[in-house]
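Each chain, written out:
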Amino acid sequence: MFLCRKYSQSNFSKRKNNYASSNPFASILKTLEKPAGGEFGKYYSLPALGDPRIDRLPYSIRILLESAIRNCDEFQVKAKDVEKIIDWENSSPKQVEIPFKPARVLLQDFTGVPAVVDLACMRDAMNKLGGDSNKINPLVPVDLVIDHSVQVDVAGSENAVQANMELEFQRNKERFGFLKWGSNAFHNMLVVPPGSGIVHQVNLEYLGRVVFNTEGILYPDSVVGTDSHTTMIDGLGVAGWGVGGIEAEAAMLGQPMSMVLPGVVGFKLSGKLRDGVTATDLVLTVTQMLRKHGVVGKFVEFYGEGMRELSLADRATIANMSPEYGATMGFFPVDHVTLQYLKLTGRRDETVSMIESYLRANNMFVDYSQPQVEKVYSSYLELNLEDVEPCVSGPKRPHDRVPLKEMKADWHSCLDNKVGFKGFAIPKESQSKVVEFSYHGTPAQLRHGDVVIAAITSCTNTSNPSVMLGAALVAKKACELGLEVKPWIKTSLAPGSGVVTKYLEKSGLQKYLNQLGFHIVGYGCTTCIGNSGDINESVASAISENDMVAAAVLSGNRNFEGRVHPLTRANYLASPPLVVAYALAGTVDIDFEKEPIGVGKDGKQIFFRDIWPSTEEVANVVQSSVLPAMFKATYEAITQGNPMWNQLSVPSSTLYTWDPKSTYIHDPPYFKSMTMSPPGPHGVKDAYCLLNFGDSITTDHISPAGSIHKDSPAARYLMERGVDRRDFNSYGSRRGNDEIMARGTFANIRIVNKLLKGEVGPKTLHIPSGEKLSVFDAAMRYKSEGQDTIILAGAEYGSGSSRDWAAKGPMLLGVKAVIAKSFERIHRSNLVGMGIIPLCFKPGQDAETLGLTGHERYTIDLPSSVSEIKPGQDITVVTDNGKSFTCTMRFDTEVELAYFDHGGILQYAIRNLIGGRS
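Residues numbered from 1 in each chain as written. Predicted model: local features only at pLDDT ≥ 70, side-chain atom pairs only at ≥ 80, totals over all residues. Heavy atoms only, no water.

Undergrad: Which parts of the structure should I look at to understand the overall build of the chain?
TA: Scanning the chain from N- to C-terminus turns up 32 helices and 34 strands. Taking the principal axes of its C-alpha atoms as reference, the chain extends roughly 80 × 80 × 55 Å. Considering the chain as a whole, with its 918 residues, one finds that 64% of them fall into the buried category. Of the roughly 31,800 Å² that the chain leaves accessible, carbon and sulfur atoms contribute 48%. The positive charge centre, built from 95 side chains, and the negative charge centre, built from 101, are 2 Å apart in the chain. (Helix = DSSP H or I, 4+ residues; strand = E, 2+ residues; numbered from the N terminus. Buried < 20%, exposed > 50% of the residue type's maximum accessible area, 1.4 Å probe, protein only. Areas by Shrake-Rupley, 256 points an atom, 1.4 Å probe, with all protein chains shown as cover. Lys, Arg positive; Asp, Glu negative; His and termini not counted. Charge placed at Lys NZ, Arg CZ, Asp CG, Glu CD.)

Undergrad: Mind showing me how you'd approach the domain arrangement of the chain here?
TA: Reports often express the size of an interface as the amount of accessible area lost when the parts come together. Structurally, the chain comprises domain 1 (21-101 + 261-384), domain 2 (391-595) and domain 3 (684-703 + 753-902). Counting from both sides, the interface comprises seven residues of domain 2 and, opposite them, eight residues of domain 3. Summing both sides of the interface, domain 2 and domain 3 together bury roughly 530 Å²; the carbon and sulfur share of this comes to 48%. It is Arg558, Phe560 and Arg563 in domain 2 that bury the most area against domain 3; as a group they hold 60% of the surface buried on that side. Run the count over domain 2 and domain 3 and you get one salt bridge. For aspartate 700, the salt bridge goes to arginine 563, with nearest N and O atoms at 2.5 Å. Where domain 2 meets domain 3, there are two residue pairs in polar contact (both at pLDDT 80 or more). (Domains from an automatic or database assignment. Contact = heavy atoms within 4.5 Å. Buried area = accessible area lost by both parts, 1.4 Å probe. Salt bridge = Lys/Arg side-chain N within 4 Å of Asp/Glu carboxyl O. Polar contact = N/O pair within 3.5 Å; in protein donor to acceptor, adjacent residues only side chain to side chain.)

Undergrad: Explain the pairing of strand 2 (residues 39-44) here, please?
TA: Within a regular strand, the side chains alternate between the two sheet faces. Strand direction decides the pairing type here: strand 1 (residues 29-33) and strand 2, joined by five bridges, are antiparallel. In the strand pairing of strand 2, glutamate 33 is matched with glutamate 39. Here strand 1 folds back onto strand 2 in antiparallel fashion, the turn holding five residues, of which glycine 37 has a positive phi close to 105°. One ladder, built from two bridges, connects strand 2 with strand 8 (residues 217-220); its direction is parallel. Bridging from a neighbouring strand, lysine 42 pairs with isoleucine 217 of strand 8. (Pairing = 2+ DSSP bridges.)

Undergrad: So what exactly am I meant to see when it comes to the sheet that holds strand 14 (residues 329-331) here?
TA: Strand-to-strand pairing in sheets goes through backbone hydrogen bonds, with the strands running parallel or antiparallel. The strand order 14-13-12-15 describes an open sheet built from four strands, whose pairing is parallel. One side of each edge strand has no neighbouring strand; the edge strands of this open sheet are strand 14 and strand 15 (379-384). Across the sheet, the mean angle from the axis of one strand to that of its neighbour is 20°, orientation sign disregarded. Pairing of strand 12 (residues 264-270) with strand 13 (residues 299-303) involves five bridges; the strand directions are parallel. Looking at the pairing, valine 264 lines up with phenylalanine 299 of strand 13. Where helix 2 (residues 59-70) meets the sheet, its contacts fall on strand 12, strand 13 and strand 14, and the angle it forms with strand 13 comes to roughly 125°. (Axes fitted to C-alpha atoms, helices over the stretch in contact; angles between N-to-C directions.)

Undergrad: Would you explain the sheet that holds strand 31 (residues 837-841) in this entry?
TA: Read around the closed barrel, seven strands run 26-29-30-31-34-33-32, paired in mixed fashion. Sheet twist, expressed as the average angle between the axes of neighbouring strands with direction ignored, equals 40°.

Undergrad: Mind showing me how you'd approach the nonpolar core here?
TA: A general trend in soluble globular proteins is that nonpolar side chains are found buried together. Of all hydrophobic cores here, the largest spans 311 residues; its most connected members are Trp241 and Tyr797. Considering each element in turn, this core owes the most residues, 11 residues, to helix 5 (residues 109-128). (Core = buried A, V, L, I, M, F, W, Y, C linked by side-chain atoms within 4.5 Å.)

Undergrad: Teacher, can you tell me more about the packing of helix 17 (residues 498-507) against helix 22 (residues 615-625) here?
TA: How two helices pack is summed up by the angle between their axes together with the distance between the axes. In the contact formed by helix 17 and helix 22, the axes pass within 9 Å of each other and the chain directions differ by 110°. When the axes of helix 17 and helix 22 are compared, the pair comes out roughly perpendicular. When helix 17 is examined against helix 22, the residues Tyr503, Lys506 and Ser507 are found in contact with a partner set consisting of Val621, Ser624 and Ser625. Grouping the amino acids of the contact of helix 17 with helix 22 by side-chain chemistry returns two nonpolar, three polar and one charged. (Parallel < 35°, antiparallel > 145°, perpendicular 65-115°, else oblique. Nonpolar A, V, L, I, M, F, W, Y, C, P; charged D, E, K, R; others polar.)

Undergrad: Looking at this structure, how should I read the side chain of aspartate 335?
TA: With respect to the helices, strands and loops of the structure, aspartate 335 is situated in the loop between strand 14 and helix 12 (336-344). Owing to a relative accessible area of 2%, aspartate 335 belongs among the buried residues under this scheme. Within the structure, aspartate 335 has its side chain in polar contact with the side chain of arginine 315 (distance 2.9 Å). Apart from residues no more than four positions distant in its own chain, aspartate 335 is found in contact with Arg315, Phe365, Val366 and Tyr368.

Undergrad: Would you explain the environment of serine 458 in this entry?
TA: The topology assignment puts serine 458 in the loop between strand 20 (451-456) and helix 15 (459-462). Taking C-alpha positions, serine 458 is 7.1 Å from threonine 526, a pair spaced 68 residues apart along the chain. With sequence-adjacent residues up to four places away left out, serine 458 is seen in contact with Ile198, Cys528, Ser555, Gly556 and Asn557.

Undergrad: Explain the confidence of the model for the chain to me, please; I cannot follow it from the model alone.
TA: Close reading of the predicted structure is inappropriate where its pLDDT is low. For the chain, the average pLDDT comes to 92, and 96% of its residues sit at 70 or higher. Note that pLDDT drops below 50 for residues 1-21; the model gives that stretch 57 contacts with residues more than four away or on any other chain. (pLDDT = per-residue confidence, 0-100.)

Undergrad: In this structure, what is going on with the side chain of arginine 558? I would like to understand it.
TA: Among the secondary structure elements, arginine 558 is positioned in the loop between strand 22 (551-554) and strand 23 (570-573). A polar contact of 2.9 Å, which involves the side chain of arginine 558, links it to the side chain of serine 228. Among the polar contacts made by the side chain of arginine 558, one reaches the side chain of glutamate 324 at a distance of 2.4 Å. Setting aside residues no more than four positions away along its own chain, arginine 558 makes contact with Ser228, His229, Pro323, Glu324, Pro398, Cys528, Arg563, Val564, Leu573, Gly800 and Ser801.

Undergrad: I keep staring at helix 5 and nothing clicks. Help me out?
TA: Structural remark: α-helix, 3.6 residues per turn; residues separated by three or four positions point the same way. With 20 residues, helix 5 should reach 28 Å at 1.5 Å per residue; the first-to-last C-alpha distance of 28 Å fits that figure. Immediately beyond the C-terminal end of helix 5, within one or two residues, lies glycine 130, with a positive phi of roughly 85°. (Expected span 1.5 Å × (residues − 1).)

Undergrad: I keep staring at the pattern of salt bridges and nothing clicks. Help me out?
TA: Pairing between side chains of opposite charge can happen when their charged atoms approach one another. Evaluated as defined, the whole model comprises 46 salt bridges. Between lysine 772 and glutamate 759 there is a salt bridge, with the nearest N and O atoms lying 3.0 Å from each other. Residue lysine 772 is found in strand 28 (residues 771-774), and its partner glutamate 759 is found in the loop between helix 27 (738-743) and strand 27 (763-766); the two are separated by 13 residues along the sequence. Given the relative accessible area of 45%, lysine 772 is considered partly exposed. Residue lysine 842 pairs with aspartate 874 through a salt bridge whose shortest N-O separation is 2.8 Å. Of the two residues, lysine 842 is situated in the loop between strand 31 and strand 32 (857-860) and aspartate 874 in strand 33 (residues 874-879); the sequence distance between them amounts to 32 residues. When its relative accessible area of 24% is taken as the criterion, lysine 842 is described as partly exposed. What emerges from the salt-bridge pattern is a single network uniting Asp51, Arg53, Glu83 and Asp87.

Dropping the structure here:
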């Protein structure tokens, strides 16, 4: 069996044995009795505190409170931290800092590889510094799901799954072997083999505990994950959110996460969705509302009578897109719907009984049959579900929602508008251009807005049976009416787990999806992460040679420019049924209410309404096709691995033997010159501006996960080492190699750098020489000359995926500080973790208003001792042309300042482990 869960109990036992003697809250450790006699175990009872303030706390804050009480040792977690949380109503507006210890850590392979690389590297560093390298072990359970390496090379075939899996193993054998080594070398690490599903769906259906019972101590499941959509588990009532890989590694090593006690937005739901409206329509509506409200750094907690009308899968869909609406998490407290889902997905009855008993006893269960105690929230929003209407989002951002009835008009506005989030600046005379091309010898045409990729993909939707079976019903109706999808549209279906395949087959509907080209291509992240694979060469040439704005429609959560595919400039997020509808229409330039979607076999025009299933039709198929036995069978099979995974041979050593020739796994330089003495805070002296950005620079811009461009520095590096272009794989798959990832930093082909006056592409200006170079080459020249660099940016810098390489990469390029209008939460934390100074312009100011061009040199003086720096302190930035301006230094907590003092979070963890402060 290769699903290894080697959870080491020794560290937990030590903590457990010390609870009574060292925990000041030992007196509230109570016994939870079983309904039929006996006991489940002991737990820290919130009601036993007898504090009326707890009854008014949001459920999400109660989870933070229980964790602080259980882990209180007056060192890492103190009694005053517990009081801050109990007094949340008064303390949260003050931005107070609290420690949080999650119950477990969740990784996927793109982030799992660098995490295991760092752990292996830390073991080496411990060894060299005279410490015990075996101390470098996860102290909390780590679940790692290999799901991000499915490239859609083969589509439109019933053999696609096996063909893509074989290619996946050919490309990624070294990475997979490394992860398998890690599962054996490190305790407390479970690895779910490739081909099992998307990490967040596997987490929801299988890994999520809801309540832990570890050696007789009961406590709520909570999780931090290295993928921003870890929030999907919030739909199950498990507090979870995305963090940077660096922060996750520190949590694995027993370090508490330092966080600002968040405000909580109460989001009241009422009514029920209208007929034909999907959960995807709902989540795109919620995303737009919450973006407008402003929820960055906050929890969102859903409540109200409308909760009864939302299935667990619908809740998970909403929770999943927390990063897109900007919240730390979108939380759904546990209620009867949660318990029903746990039973549906094959959790044992005794486990479900324990979960319900514990949560009821600790006032963490919502029973809508009982009168509700009014909770206090920081702010309030309300949505009547009846007001939700069918919609999509795009063409470049998830929160740019477009009602379906307005789509055609919006599309034409986008063609007209200047280049931006809602514009392509296509001249009027070119908007109706028709490009003729040949597809396998057949004449074909391409217009602006034509769909070339249609993908049912992503954790957001593929875990939801109602939208997946809804898509299959659309396919059935379309096939029966004689509609077809144009053969050059790349269609694909990538379920989040094998359960989806089972219920599609049980319903008898998979054959209709196959008939339209939506064959299953694999189980994992595909188009949404940029693993679209190539589109047909003739189609690609028609697009690129004629500057056509081609479209992708996907059931994903991210549609940032350049992410889905380099040649699809317009990318729309839509429900799975709408993906099928747009594939049939062949264009986004259509009014579904007035224009036919196609012509049927009898020559009759077919409209959208003719193929759209009712809510009742979908519900009936879900009821008859989604069965508990499917979940049990699927996850029993996961524990057995698969033949290709099981045949991987790996060494048994606890220290990794690095292969200097490897282009996948490389020993990074983070600890090369490390000593036991922290280096102290560093300022910046006469730094050049490496890049000057506008707003909404995403982690996809900073560290792309998709294909490696043939003319890029990373491609040059690979070719110099004998790697053929067809074997380049993706940046995401090579995150275990710092040499490639440094070269891939700021390598997004759609990046816009103001130093090049709006030119699109991964280039910059080397200021001293005036030469235009790749970002990597310019950065290396600055480093060789001994020059520091900084980055100027606008608002929402680092939005998107929680990508640690978006901080590691700039650090390796020599970037010392980023000055921005605002930062995305996780990315700011990642910058801190890598020793980069995050600075915010003062409100109303930015590079433009201050007259900064990026041609200046920048000096940031800091005190020599970290004790002289305070969280959120103002500092002055001075330029060589006489300008000076004040910025806020975004080290938000004392712990973050400690990380900065040590040169980064991992160095801090190593020194603490050697010093015995673990």
